[in-house]
Each structure stands twice: as C-alpha cells, then as structure tokens.
Amino acid sequence: PGARGAVYADMHVRQADRMPELVRSLLLLEAAPVELEPTNIHRVLTEVICLEETVAAERGIVLSHEFDPSLPEVLGNPARLEQLLLNLLKNAIDACPQHDGHVAVRTRIENSFYVSRNDKRVRYISIEVTDDGPGLDSEALANVFTPFYSRTPGGHGLGLSIAQSIAAAHNGHIRADNTERGGARFRVLLPVAEAQPA
C-alpha cells in the first residue's frame, strides 16, 4: 500500500502541474479578438521550426521545409499564428515513430480556394504540415478538432481545437486528411493581407 500510495501521490502532483497549461489552453479557445497586421508567414514558421528542431532531433525525426518565397503576407497576429503552427508541428512530431519519421512543412499560394468578398476575390495561402505517423482513421478525422479528444497518452486534446479557433479568428480554415503514404496532413488556409478590407 505504501508504494502504491507513493505512485498515486506522484501521479496527482504531475496532474496538478499540468493544470496551469490546461487553463491557458482553455483561455485560448475563448480568447478575445486580436489585432491583425500584415505578417510574413515564413518568419513565423522559421521561429516555430527552430523551437521544435531540438525535440525532433532527439527523437530521430527529420524536420524539413519547402517555402514558396514569392508568397504575399497574410493578415494575422504573429503570436497567435505561432501558437497555431506550433500546435500542428508538435502534433506531427508526436505522431512519428522514433528514429524513423519525417515531418515536412510546405507553403504555396492556394489556387483552388478563394472567397468572394465585396466584389473581390480573397486569395489564400496554404501551409501544409505532413508526418510519417499512422495517419487518421475515420473516428479521428471526425473528432480531431473536438476539444478534449486525444489519443496521445497524457494529451489534453486541446492543441488542435486551439489551432482551429485561431485559424477561424484569422478568417482562415484548417483541414485534416491523410497523405498518399498514409501519414496525417494538416492544411491551414490564410487570406493574404492585400485582399483584406482596410
């Protein structure tokens, strides 16, 4: 009983330590509107990749990127976009098998998606994050953005919900599917700054 009690006590301490992170995550889901400004998405992505490079290297996962240098700026909040992309990158790295995984980040102009607004076509850029994990089955695809849905041990199931909330706050979209190889693919669509009303 003594040893078991110590294990339970340690478990409760760990769970209590996670509470501030959980509260911050819940606040992000209902965060107030933020100021948007022309933002270089590649600058944000470079910072996010730098933050996660060490984690990926420690797990033996290759982290690569392919940026389209001709992309215009998006109308965004750099701090919120960093949180969105960090959540996606962390999720992709966690999904990969250790010592045998690859996470790729790609950007491009989105030619197959636009929105008509005030007699103008709003153009979008696409940010794609793919991984070599097991992919998303039908249940995961249906629930991946649902708060508290998680298949990761110790996960709180808020990272992707927050990512979706941030994308919506930027008049953007986020989609999930599987790659041809079977891994997961998350695609974020953000409107370009030049297309936005003053």
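This report concerns the structure included in the present document.

The rules we used
- Residues numbered from 1 in each chain as written.
- Predicted model: local features only at pLDDT ≥ 70, side-chain atom pairs only at ≥ 80, totals over all residues.
- Heavy atoms only, no water.
- Salt bridge = Lys/Arg side-chain N within 4 Å of Asp/Glu carboxyl O.
- Helix = DSSP H or I, 4+ residues; strand = E, 2+ residues; numbered from the N terminus.
- Contact = heavy atoms within 4.5 Å.
- Buried < 20%, exposed > 50% of the residue type's maximum accessible area, 1.4 Å probe, protein only.
- Phe/Tyr/Trp six-rings, centres within 6.5 Å; stacked < 30°, edge-to-face > 60°.

As for the pattern of salt bridges
- In the structure shown here, the tally under the stated rule is 9 salt bridges.
- Among the ionic pairs, glutamate 180 bridges to arginine 185, the shortest N-O distance being 3.9 Å.
- Each of the salt bridges in this network shares a partner with another, and the network as a whole consists of Glu66, Arg106 and Glu128.

Points about the environment of isoleucine 109
- Looking at the element boundaries, isoleucine 109 is found in strand S4 (residues 101-117).
- Through-space distance from the C-alpha of isoleucine 109 to that of arginine 123 is 8.0 Å; in sequence the pair is 14 residues apart.
- Ignoring any residue separated from it by four or fewer positions in sequence, one finds isoleucine 109 in contact with Asp68, Leu71, Pro72, Arg123, Tyr124, Ile125 and Val192.

Observations concerning helix H5 (residues 159-169)
- Turning to H5, its buried residues number three or more, namely Leu160, Ser161, Ile162, Ala163, Ile166 and Ala167.
- Asparagine 171 sits one or two positions beyond H5 and adopts a positive phi of about 60°.

Here we look at the packing of aromatic side chains
- Applying the stated criterion across every chain, the model contains 1 aromatic pair.
- Relative to phenylalanine 186, the ring of phenylalanine 145 has its centre 6.1 Å away and its plane inclined at 85°; by these criteria the two rings are edge-to-face. Residue phenylalanine 145 is found in the loop between helix H4 (138-143) and H5, and its partner phenylalanine 186 is found in strand S7 (residues 184-191); the two are separated by 41 residues along the sequence.
- With relative accessibility at 15%, the residue phenylalanine 145 sits in the buried group.
- The class of phenylalanine 186 is buried, set by a relative accessible area of 4%.

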